[in-house]
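# Residue-level structural notes
Here are the chains, one letter per residue:
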Amino acid sequence: MRPSKIMCIGWNYRSHLAETNAVLPKEPIVFLKPPSCIIGNGDDIVIVDGIGAIHHEAELALIFGRTGKNIPKDEALSYVSHVAVFNDVTARDMQTAARSKGDPWCIAKGMDTFGPMSDPVPIDSVKNIRDLDIELSVNGNIRQKGNTSMMIFTIEELIAYVSRFMTIEKGDIMATGTPEGIGPLVKGDVVKVKINGVGSLSNRVI
């Protein structure tokens, strides 16, 4: 079953803010990716000709086990049934151009195959969701390293905030932001993401 939506959080790690010259947000930055972007472990990331630089973004994804609206922070995790490894693949040149004009950048984030995700695991099997190491490598070279403890807005704050404005439905996915080290992907690259206790993800770029 596909989710009704993939809710994504931008600039949720201070280290990522620094490398992109972004301003510390007062509230979570939220955007959506379409469910049609999802692929699994071992599937190919397909780059459309002529769209410019493509970047990787390693993230922890939450999968919701029940529907909620105006979810209190102290109840937020009870709505999450599973977690997964996620790669928020981004057409960076397209996104930058759109942002510079004040235009939306849904296509830069939402192309087919731009949402690789590992098989979800039950959240109850994860020792501490607030202290998970995230690592991404390209062709064996480590590009991103971070920990969920470094988030600007906690997982509970993200869920409470988003659910104020839109109903989070059973099966929906939330990608919680990426640490520093975003970088380019080119055809032939193999990008791997792992989160200790959650899983791993490997995809080839074609």
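Summary of the structure given here. (Residues numbered from 1 in each chain as written. Predicted model: local features only at pLDDT ≥ 70, side-chain atom pairs only at ≥ 80, totals over all residues. Heavy atoms only, no water.)

Grouped together as the largest cluster of nonpolar side chains are 64 residues, with contacts concentrated most on Leu-60, Leu-62, Phe-64, Val-83, Ile-159, Met-174 and Val-198. Of the residues forming this core, the biggest block, 6 residues, is contributed by strand β6 (residues 58-64). Dropping the residues within four chain positions of it, Val-83 is found in contact with Leu-60, Ala-61, Leu-62, Ile-63, Asp-119, Pro-120, Val-121, Ile-123, Val-126, Ile-129 and Val-198. (Core = buried A, V, L, I, M, F, W, Y, C linked by side-chain atoms within 4.5 Å. Buried < 20%, exposed > 50% of the residue type's maximum accessible area, 1.4 Å probe, protein only. Helix = DSSP H or I, 4+ residues; strand = E, 2+ residues; numbered from the N terminus. Contact = heavy atoms within 4.5 Å.)

All right, on to the sheet that holds strand β16 (residues 199-205) then. Spatial strand order, β4-β16-β15-β11-β12: 5 strands in an open sheet with mixed pairing. The open sheet has two edge strands with one neighbour each: β4 (44-45) and β12 (141-147). Judged from the 6 bridges that link them, strand β11 (residues 133-138) and β12 form a sheet pairing that is antiparallel. Residue pairing across strands places Glu-135 opposite Lys-145, the latter belonging to β12. (Pairing = 2+ DSSP bridges.)

The tally for this structure, following the rule as stated, stands at 2 aromatic pairs. Between Tyr-161 and Phe-165 the ring centres are 5.1 Å apart and the planes differ by 65°, which places this aromatic pair in the edge-to-face class. Placement of both Tyr-161 and Phe-165 in helix α4 (residues 155-165) is noted, with a separation of 4 residues, approximately one turn of the helix. Note on Tyr-161: relative accessible area 16%, which makes it buried. (Phe/Tyr/Trp six-rings, centres within 6.5 Å; stacked < 30°, edge-to-face > 60°.)

Another aspect to go through is the sheet that holds strand β13 (residues 173-175). Paired through backbone hydrogen bonds, the strands of a sheet run either parallel or antiparallel to each other. Taking strand neighbours across the sheet as the criterion, the 6 strands line up as β2-β1-β13-β6-β7-β10 in an open arrangement whose pairing is mixed. The sheet terminates laterally at β2 (29-33) and β10 (121-122), the two strands that pair on one side only. Where β6 meets strand β7 (residues 80-87), 7 bridges bridge the pair, whose relative direction is antiparallel. By the bridge assignment for β7, Phe-64 is matched with Val-80. Contacts from α4 reach β1 (6-10), β2, β6, β7 and β13 within the one sheet, and its direction differs from that of β6 by about 55°. (Axes fitted to C-alpha atoms, helices over the stretch in contact; angles between N-to-C directions.)

Following the sequence through the fold, Glu-59 ends up in strand β6. Lys-109 provides the closest opposite charge to the buried, unpaired Glu-59, separated from it by 5.7 Å. At 3.5 Å, the side chain of Glu-59 and the backbone nitrogen of Thr-176 are in polar contact. Polar contacts involving the side chain of Glu-59 include one to the main-chain amide nitrogen of Gly-177, which spans 2.8 Å. Once residues within four sequence positions are removed from consideration, Glu-59 is found in contact with Ala-84, Val-85, Phe-86, Asp-88, Ala-175, Thr-176, Gly-177, Thr-178 and Ile-195. (Lys, Arg positive; Asp, Glu negative; His and termini not counted. Salt bridge = Lys/Arg side-chain N within 4 Å of Asp/Glu carboxyl O. Polar contact = N/O pair within 3.5 Å; in protein donor to acceptor, adjacent residues only side chain to side chain.)

Take unusual backbone geometry next. In this model, Asn-70 sits at a positive phi of 50°, which is unusual for a non-glycine residue. Since its relative accessible area comes to 48%, Asn-70 is described here as partly exposed. At Asn-139, a position not held by glycine, the phi torsion is positive, near 55°.

This part covers the environment of Arg-2. Looking at the element boundaries, Arg-2 is found in the segment before β1. Put simply, Arg-2 and Asp-172 are 170 residues apart on the chain and 8.1 Å apart in space, counted from C-alpha to C-alpha. Each residue touching Arg-2, except ones within four places of it in the same chain, is listed here: Pro-35, Ser-36 and Ile-38.

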